[in-house]
Amino acid sequence: MSNATDNWWRSAVIYQVYIRSFADGDGDGTGDIAGLRSRLPYLAELGVDAIWINPWYPSPLADGGYDVSDYRDIHPTYGTLAEAEKMIAEAHALGLRVILDIVPNHTSDQHLWFQQALAAGPGSPERERYLFRDGRGEDGSLPPNDWHAAFGGPAWTRVPDGQWYLHLFAPEQPDLNWDHPAVHAEFDDVLHFWFDLGVDGFRIDVAHGMAKDPALPDLGLTEFSVLTGEGQDDHPHWDRDGVHDIFRRWRAIADGYPDRRVFVAEAHVRPGRLAHYLRNDELHTAFNFDFLKCPLEAGPLREVIDRSITDLAAVGAPPTWVLSNHDETRHVTRYGRAYTGVRSALLDQGAPSDRALGTRRARAAALLMLALPGGAYIYQGEELGLYEVEDLPEAALQDPTWERSRHTVRGRDGCRVPIPWSGTTPPFGFGPPGSVPWLPQPKDWTSYTAEAASADPASMLQLYRAALRLRRAVPAFTGEAFRWLDSPHGTLVFERGAGLLCAVNLSDQPLPLPDACQVLLASGPVGDRLLPTDTAAWLQRN
Ligand code: NOJ
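Residues numbered from 1 in each chain as written. Predicted model: local features only at pLDDT ≥ 70, side-chain atom pairs only at ≥ 80, totals over all residues. Heavy atoms only, no water.

Novice: So what exactly am I meant to see when it comes to the overall build of the chain here?
Specialist: Helix and strand counts for the chain stand at 14 helices and 18 strands. Computed over C-alpha atoms, the radius of gyration of the chain comes to 23 Å, within 12% of the 24 Å expected from 2.2 N^0.38 for 542 residues, which places it in the range of a compact globule. Referenced to the eigenvectors of the C-alpha coordinate spread, the extents of the chain come out at roughly 75 × 55 × 50 Å. A burial count over the chain gives 60% of its 542 residues as buried. Accessible area of the chain: about 20300 Å², with a carbon and sulfur share of 52%. Averaged over its 48 positive side-chain charges, the chain has a centre that lies 4 Å from the centre of its 74 negative ones. (Helix = DSSP H or I, 4+ residues; strand = E, 2+ residues; numbered from the N terminus. Rg over C-alpha atoms; globule rule 2.2 N^0.38 Å. Buried < 20%, exposed > 50% of the residue type's maximum accessible area, 1.4 Å probe, protein only. Areas by Shrake-Rupley, 256 points an atom, 1.4 Å probe, with all protein chains shown as cover. Lys, Arg positive; Asp, Glu negative; His and termini not counted. Charge placed at Lys NZ, Arg CZ, Asp CG, Glu CD.)

Novice: Looking at this structure, how should I read the packing of helix 1 (residues 33-46) against helix 14 (residues 460-473)?
Specialist: Put simply, helix 1 and helix 14 touch, their axes get as near as 8 Å, and they point 60° apart. Between helix 1 and helix 14, the crossing angle belongs to the class labelled oblique. Together, Tyr42, Glu45 and Leu46 of helix 1 and Leu461, Tyr464, Arg465 and Leu468 of helix 14 make up the contact between the two elements. Here the contact of helix 1 with helix 14 is composed, by residue class, of five nonpolar, no polar and two charged. (Axes fitted to C-alpha atoms, helices over the stretch in contact; angles between N-to-C directions. Parallel < 35°, antiparallel > 145°, perpendicular 65-115°, else oblique. Contact = heavy atoms within 4.5 Å. Nonpolar A, V, L, I, M, F, W, Y, C, P; charged D, E, K, R; others polar.)

Novice: How should I be thinking about the environment of Thr401 in this particular structure?
Specialist: Tracing the backbone shows Thr401 in helix 12 (residues 400-404). Between the C-alpha atoms of Thr401 and Ala150, which are 251 residues apart in sequence, the distance is 8.6 Å.

Novice: What exactly am I supposed to notice about the site of the ligand here?
Specialist: Taken together, 14 residues form the shell around the ligand, and within it Asp63, Arg203, Asp205, His326 and Asp327 come nearest. Between Asp63 and the ligand, the recorded distance is 2.6 Å, taken from a side-chain N or O atom to an oxygen atom. Here an oxygen atom of the ligand sits 3.0 Å away from a polar atom, N or O, in the side chain of His106. For the ligand, whose unbound accessible area comes to 300 Å², protein coverage reaches 97%. For the shell around the ligand, the class distribution of residues is four nonpolar, three polar and seven charged. (Near = heavy atom within 4 Å. Polar contact = N/O pair within 3.5 Å; in protein donor to acceptor, adjacent residues only side chain to side chain.)

Novice: Help me understand the nonpolar core, please; the structure alone is not making it clear to me.
Specialist: Nonpolar side chains tend toward joint burial in soluble globular proteins. Tyr15, Leu43, Trp56, Met87 and Trp250 are the most contacted members of the largest nonpolar core, which has 152 residues in total. Per-element accounting of this core gives the leading share, nine residues, to helix 11 (residues 355-371). Residues in contact with Met87, not counting those within four places in the same chain, are Ile33, Leu36, Arg37, Leu40, Ile51, Ile53, Trp56 and Val98. In this structure, Leu131, Trp164, Leu166 and Ala170 belong to the second largest nonpolar core, which totals 15 residues. (Core = buried A, V, L, I, M, F, W, Y, C linked by side-chain atoms within 4.5 Å.)

Novice: Would you explain the sheet that holds strand 2 (residues 50-53) in this entry?
Specialist: In sheet architecture, strand pairing relies on hydrogen bonds along the backbone and comes in two forms, parallel and antiparallel. Pairing is parallel in the open sheet, where eight strands are placed in the order 9-8-7-3-2-1-11-10. Both edges of this open sheet fall to strand 9 (285-286) and strand 10 (320-322), since each of them pairs with a single strand only. One ladder, built from four bridges, connects strand 3 (residues 97-102) with strand 7 (residues 201-204); its direction is parallel. Looking at the pairing, Ile99 lines up with Gly201 of strand 7. Against the sheet, helix 2 (residues 81-93) engages strand 2 and strand 3, with an angle of about 140° to strand 3. (Pairing = 2+ DSSP bridges.)

Novice: Can you walk me through the domain arrangement of the chain in this structure?
Specialist: How large an interface is tends to be reported as the accessible area lost when its parts come together. If you check the domain split of the chain, you get domain 1 (8-102 + 287-460), domain 2 (112-166) and domain 3 (481-541). Computed over C-alpha atoms only, the centres of domain 1 and domain 2 are separated by 34 Å. The interface of domain 1 with domain 2 comprises seven residues on the first partner and six residues on the second. Carbon and sulfur atoms make up 48% of the surface buried where domain 1 meets domain 2, a total of about 400 Å² over both sides. (Domains from an automatic or database assignment. Buried area = accessible area lost by both parts, 1.4 Å probe.)

Novice: Looking at this structure, I do not really get the pattern of salt bridges. What am I missing?
Specialist: Side chains bearing opposite charge may pair, as long as their charged atoms lie close to each other. Evaluated as defined, the whole model comprises 33 salt bridges. Close ionic contact of Arg261 with Asp259 constitutes a salt bridge, the shortest N to O distance being 3.1 Å. We classify Arg261 as buried; its relative accessible area is 8%. A relative accessible area of 32% means that Asp259 is categorised as partly exposed. Put simply, Arg412 and Asp327 hold a salt bridge, and the shortest N to O gap is 3.1 Å. Taken together, the positions of Arg412 in the loop between helix 12 and helix 13 (450-454) and Asp327 in the loop between strand 10 and helix 9 (331-334) put the pair 85 residues apart, joining distant regions of the chain. (Salt bridge = Lys/Arg side-chain N within 4 Å of Asp/Glu carboxyl O.)

Novice: Would you explain the sheet that holds strand 4 (residues 132-133) in this entry?
Specialist: Taken in spatial order, the three strands of this open sheet run 4-6-5, and their pairing is antiparallel. Only two strands of the sheet have a single neighbouring strand rather than two, namely strand 4 and strand 5 (156-158). Both strand 4 and strand 6 (residues 164-166) contribute to a ladder of two bridges, which runs antiparallel. Across the sheet, the residue bridging to Arg133 is Trp164, located in strand 6.

Novice: So what exactly am I meant to see when it comes to the pairing of strand 11 (residues 375-379) here?
Specialist: Successive residues of a regular strand alternate their side chains across the two faces of the sheet. For strand 11, the tally of buried residues reaches five of five residues, placing the bulk of the element in the interior. Neither face of strand 11 is exposed, since Gly375, Tyr377 and Tyr379 on one face and Ala376 and Ile378 on the opposite face are all buried. In this structure, strand 1 (residues 13-17) lies alongside strand 11, joined through four bridges in parallel fashion. Within strand 11, the position partnered with Tyr15 by the bridge is Ile378. Summarising the sheet, strand 10 and strand 11 pair through three bridges and their orientation is parallel. Bridging across to strand 11, Trp321 finds its partner in Ala376.

Here's what the structure looks like:
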C-alpha cells in the first residue's frame, strides 16, 4: 500500500514541459526526449520538485498530441520507450518526479479502436466503445443532438455509412464511452503500464467530461463557449457525478504502489465543485483555473485564494496555484493589458499589452503564487519571462481552433512557441544551429534565453531560482499555515508560519512595509521600506 506519509505532492512545484517546444535534440524542429534529458540539470537547478510532460504518445497531432493513437508508446518524433525510461531514471536521480498526461475522454481517430469501429459498422460491439448514434431527420442527416464542440462547430461528425460519432473537441478526437467496461479495463492497464515504468503520477485531461448522460439530451444552447456548463445543473456531459466512480477506481490503482503515485485533475467546474474530485479516495490535487483566470487585483485575488483554501480544506486537499499553461495567453502579456483576467479568446486576443508593465506584474505574481500554501505549477518559459507571440503568421498556426472557428480565433500557438535557450538568433539553442523550430520564434528573444538570463542578476530566471531556493530553505514554507494581515486597499499581505510574510502591492500607492522585518526577496526595487506599485516581497519578522 502507498505510504500515506509521503506528502511531497501537497506542496510540490511542478514544471510543465510542453515537450514539442521544450528542447529539440535531433534538429527536426520539434522538441523531444533527447532534448528534455539534456535539460534536466537546468530544471533541477531551477529548484522544482517534479515535471509534468504534455502528451508524448503516438499521435497525428491534430490537437497537439491530445489525440492519442497509442497510449503505451512514444511518438517517434519524440523518441522511444527506452529513452523515456532513461529519462525517468535520470529525472529521479536528480530528485525530480515525473508526471505524465493521460487523455481518457477521447482517443485519436487513428486509434486502433476507432478504426475498428469504423470498419465494423453500425450496431457492432466495436462501435460501443465510442458514442455512435443515428442522426435525426427523415434521412438521419441531422446530428443526434445540438451539442457543440469546444473548438467550434457541432460535436458530431457523420461517417460514410450514415452514423454520427460524438467529439466534444475536434472531429479527430472521438469521445470514448465510459459506460463500457472495456474502456475502464483499458485505462486501468494504461495506468499500470506507466506506473510500472516508474512515473510518479498523471495529469488527467478533461477530467470533468468522461461521464455522459446516456440519453444524450439536447442542451438547448445555440452558442457553446463555456467549458464548465455554467448555469446548468445536471449538465449532460460536464462534471457529472459518474466521473467520481472512475477516479475512485484509479485512486485504488495508484494506492496499490508502495511509494506515492498521484493525480492532478484538469477539471473546469463551477465554484464549489472541485472539492468533489479531491475527496480522500479520489484525486490528490487539481489545477486552480480560478486563480489563473483572476484579474491581478487584490480584491478578486483575495476572494479566489480564500475560496480555494477553504473549499479544499473541507476535504483535506491542498490548493494549487498556476499562472500560465499551454492553453492560455502567457501571463506577461495578460498582465500588461487593461483587463488582466481571462475572459474569452474572442474578447482577449490581440488586446494591447504593455510588456514592461506585464513583466513587472508577472514578477510580483510569481512571488505571490510561490508563497501561497499548497502546490504550484510553472509553465515552461514563464521563468524566462516569455510573452505571448501574438504575431505568428497565419500560415504557421496549427491549433485546430483556428480552422474550426473559421479563422476568427487564432488559438493557443502563441504560448507554445519553442523556448529560447542560448545564442542570438533562432533557433536560440532550442535545436542545433540551422534547425527550424516548428513555430517561428521572435527575433528579439536574444535577451530572453536561459543563457542570457543566467548571466543577469535581475532576470526573471534569477527571481524564480531565488524564490524556489527560499521555498525549500525557509521552514515556514513547509507547513500549510496561512493568515491574512490587515493591509491597505489594493494590497495583499499574509503570513505563513513562523513570521514569514508575503506582501503584494497592486494599488497605485507605495505600501509601507511592516516594521521589524527583513526583506528576503523582492520582485523589484524596494525603496526606503516602501513597496512600490506592482511589486511583491517576502519578509521575515526579526
Ligand atoms: C485540455 C488540454 O489542456 C488541451 O490542450 C486540449 O486541447 C483539450 N484538453 C482536449 O484534449
